[in-house]
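Single-letter residue listing:
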Amino acid sequence: MVVVLAQEPGTDKLADNGQVEMLLVKAMPTDGGRSRMKPWTAGIALTAALVLTSAACGAAGDPGGDGAGRDGLTIGVLLPETETSRYETFDRPLIEQAVKEQCGDCTVRYGNAENDVQIQHRQMNAMLSQGVDVLILDPVQEVYLRGLITEAAEMDVPVVSYDRVAQGPISGYVSFDSEAIGVLQGEGLLDGLGSRADGAQVVRVEGPLWNPDHVAVSMLEQTGARVSRTYVASGWTPENAYAIMAGAIADQGVDKIDAVWAANDALAAGVISALKSARRGPLPPVSGQDADLSAVQRIVSGEQYMTIYKPYRLQADAAVDMALALVRGESLRSIATGRISTDTARNVPSVELEPALVTVDTIKQTVIRDGMYTVSEICTPKYRPACEKAGLID
């Protein structure tokens, strides 16, 4: 029996596929001690910061127990936010599927921090108290959970850092090659600019945790283009990007912006809305990242020039492979393809996957070929004429 415990995004409704149980987390012991907490059945839980939803694969465990399979492992999964669609649409279900396929009697305990470091801290604290065997962690901020990661190491609970490198004694790291992502975004914008690259003014719109990408910026500058201004949004939302872009248009003039380097597709959506509101036409090349369905549709229609496709299934599979190997005491030699070092960890086994550039000419060879989206999902009636022109449908 497969038990999926989840709260449907944006509702107070619990979704299940058989048996539904919600873990309500009690307050932490004031003496700092660790004790296993018991869940109890609940219809609706509204304490967002103190609630963990669980997805169990295989045995559901003894009634009134901690929800783990009798002989299985408990895998904690902590993701950072829902502002970008990837985490709930791809990462979470793909991780849960990989666990189900690789460990039939394992249990997944899940938490999403909604971009709040304090919520994620409480979620991780609760998982350690409840006795997870291994953690897959995508931190809201890399530094904030360092103390808990150290505590996890002392408890022999391996932590696999997922997508972002968490500070502390992590046991593994799975992500995409961040330098390659920046280079692909720069190359995509240069391709979109074409002969207009020399002297082009590029506005860069980044999100939280932004790190300067010197390699990609240098590549732009070698062609004569330059980043005229970099803005950092406080969150990964179109609304934040819209406000930033409206300010950039007021500062520089809508016709002086030759391209926009948007860090992801949610920010790209806000950028494009602001440009359209300012009656900019034709739109300048706009980059993105994550290959959201709406972004792929904007690319088909010509509003967004490119995005970065990251095969999330490969990332989820690698993270689960690594987590299970670590907790079972197995070698990572056949899993890890490299090693990384941080200020707080040395020679950490790592998997850094290759991203791919998506333009209107490569949609078939990337997101459609890999089954991320079907042609019918992309080519809704609104986009059918553009899809025909792009050769996606006859």
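Here the structure is a predicted model, which is why all the values come from computation and not from measurement. (Residues numbered from 1 in each chain as written. Predicted model: local features only at pLDDT ≥ 70, side-chain atom pairs only at ≥ 80, totals over all residues. Heavy atoms only, no water.)

Asker: Explain helix H8 (residues 293-301) to me, please; I cannot follow it from the model alone.
Answerer: What H8 keeps buried is the set Ala295, Val296, Gln297, Arg298, Ile299 and Val300. If you follow the buried residues of H8, they end up packed against helix H7 (265-277), strand S14 (307-309), strand S17 (356-358), helix H11 (375-378) and helix H12 (384-390). Remark: Gly302 follows H8 within two positions and exhibits a positive phi of approximately 90°. (Buried < 20%, exposed > 50% of the residue type's maximum accessible area, 1.4 Å probe, protein only. Helix = DSSP H or I, 4+ residues; strand = E, 2+ residues; numbered from the N terminus. Contact = heavy atoms within 4.5 Å.)

Asker: Where do I start with the sheet that holds strand S11 (residues 201-206) in this structure?
Answerer: Hydrogen bonding along the main chain pairs the strands of a sheet, whether they run parallel or antiparallel. An order of S12-S11-S13 is seen for the 3 strands of this open sheet, with the pairing classed as parallel. Edge positions in the sheet fall to strand S12 (226-232) and strand S13 (259-262), since each of these pairs with one other strand and no more. Sheet twist, expressed as the average angle between the axes of neighbouring strands with direction ignored, equals 20°. Two elements, S11 and S13, share 4 bridges in a ladder whose sense is parallel. Counterpart to Val202 in the pairing with S13 is Ala259. Each of S11, S12 and S13 touches helix H6 (residues 238-252); the most contacted strand, S12, lies at about 140° to it. (Pairing = 2+ DSSP bridges. Axes fitted to C-alpha atoms, helices over the stretch in contact; angles between N-to-C directions.)

Asker: Would you mind showing me how to read the packing of aromatic side chains here?
Answerer: The geometry of two aromatic rings is summed up by the distance between their centres and the angle between their planes. This model, assessed by the stated rule, comprises 3 aromatic pairs. A centroid spacing of 6.0 Å and a plane angle of 70° characterise the contact between Phe90 and Tyr373, whose relative ring orientation is edge-to-face. Of this pair, Phe90 sits in helix H1 (residues 86-102) while Tyr373 sits in the loop between helix H10 (364-368) and H11, and the two are 283 residues apart along the sequence. Among the residues examined, Tyr373 registers a relative accessible area of 7% and is labelled buried. Clustering of aromatic rings is evident, with ring pairs tying together Phe90, Phe176, Tyr312 and Tyr373. (Phe/Tyr/Trp six-rings, centres within 6.5 Å; stacked < 30°, edge-to-face > 60°.)

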